[in-house]
Amino acid sequence: INKAKKIESQDYSGRILQAGLYYEQVKRYRDIFGNKQVKILVFENFFNSSDSLNEIINFLGIKTSDIKNPGTVYNEFTIPRGKISKILLGSNKIRKIGKKMIPASFGQSIVLEFLGKKSAKPEIKENDKKLLEEFYRSDVLKLEELLGQKMPWKEFE
């Protein structure tokens, strides 16, 4: 978490921690488009409920014959294969150049086949977990109030 805060203190466009503050983002969408035009589904609820896909289909007015298999995994966790891969994947300049020169689907293939390898996600350290819980607690409580539902995140019960 300290590394993320240090990166955010620089002029970094990714905003690692800020991207997880959902309240303002959801509120802004609802304020602009209205509640009837915005459908909010919590990721964990989406995958743990068979009704979620039907909710989306109904909300969007899609015919069920147009639906692809929702169980396909598209963005697996990947780590660099070695030192060179780590340098290439860790360089914002190289990544920007690659995005401009290589089509996205081909670029993903390059990363998965040559530069990266599939891996299990690392476990978060307990101290970092507590710091993240403190950082996000207020935002989660405001989001629950805005959406009128409890979030399925046991850390914030």
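None of the values given here were measured: they were computed from a predicted structure.

J.: Please explain the overall build of the protein chain as it appears in this structure.
T.: A count of helical and extended segments in the protein chain gives eight helices and two strands. Moving toward the C terminus, one meets the helices and strands of the protein chain in the order α-α-α-α-β-α-α-α-β-α. For the protein chain, the proportion of its 157 residues judged to be buried stands at 18%. Residue pairs at least 24 apart in sequence account for 56% of intrachain contacts in the protein chain once pairs closer than 6 positions are excluded. As displayed, the protein chain has an accessible area near 12800 Å², and 54% of this comes from carbon and sulfur atoms.

J.: What is the right way to look at the side chain of E133 in this model?
T.: Summarising the element assignment, E133 is placed in helix 8 (residues 126-147). Buried charge without a partner: E133 forms no salt bridge, and the closest opposite charge is R137, 4.4 Å away. Not counting the four nearest positions on each side in its chain, E133 is found in contact with E155 and F156.

J.: Looking at this structure, I do not really get the packing of aromatic side chains. What am I missing?
T.: To describe a pair of aromatic rings, you give the distance between the ring centres and the angle between the ring planes. If you walk through the whole model with that rule in mind, you get three aromatic pairs. Measuring from centroid to centroid gives 4.9 Å for F135 and Y136, while their planes differ by 90°, and the two rings are edge-to-face. Taken together, a centroid distance of 6.5 Å and an interplanar angle of 75° make the contact between W153 and F156 edge-to-face. Take W153 and F156: they sit in the same class, and that class is buried.

J.: Honestly, the pattern of salt bridges in this entry has me stumped. Any pointers?
T.: If the charged atoms of two oppositely charged side chains come close together, the side chains can form a pair. This structure, assessed with the given rule, holds four salt bridges. Ionic pairing is found between K39 and E55, a salt bridge with its closest N-O pair at 2.9 Å. Taken together, the residues span a long stretch of sequence, with K39 in the loop between helix 2 (22-33) and helix 3 (43-48) and E55 in helix 4 (residues 51-60) at a distance of 16 residues. In this structure K39 comes out as partly exposed when scored by relative accessible area, which is 35%.

J.: Explain a nonpolar patch on the surface to me, please; I cannot follow it from the model alone.
T.: Residues Y29, I32 and F33 make up a contiguous nonpolar surface patch of about 360 Å² in total accessible area. By the secondary structure assignment, I32 is in helix 2. Note on I32: relative accessible area 59%, which makes it exposed.

Quick notes on the rules
- Residues numbered from 1 in each chain as written.
- Predicted model: local features only at pLDDT ≥ 70, side-chain atom pairs only at ≥ 80, totals over all residues.
- Heavy atoms only, no water.
- Helix = DSSP H or I, 4+ residues; strand = E, 2+ residues; numbered from the N terminus.
- Buried < 20%, exposed > 50% of the residue type's maximum accessible area, 1.4 Å probe, protein only.
- Contact = heavy atoms within 4.5 Å.
- Areas by Shrake-Rupley, 256 points an atom, 1.4 Å probe, with all protein chains shown as cover.
- Lys, Arg positive; Asp, Glu negative; His and termini not counted.
- Salt bridge = Lys/Arg side-chain N within 4 Å of Asp/Glu carboxyl O.
- Phe/Tyr/Trp six-rings, centres within 6.5 Å; stacked < 30°, edge-to-face > 60°.
- Patch = residues over 30% accessible without salt bridge, like charges linked within 9 Å, V, L, I, M, F, W, Y side chains within 5 Å.

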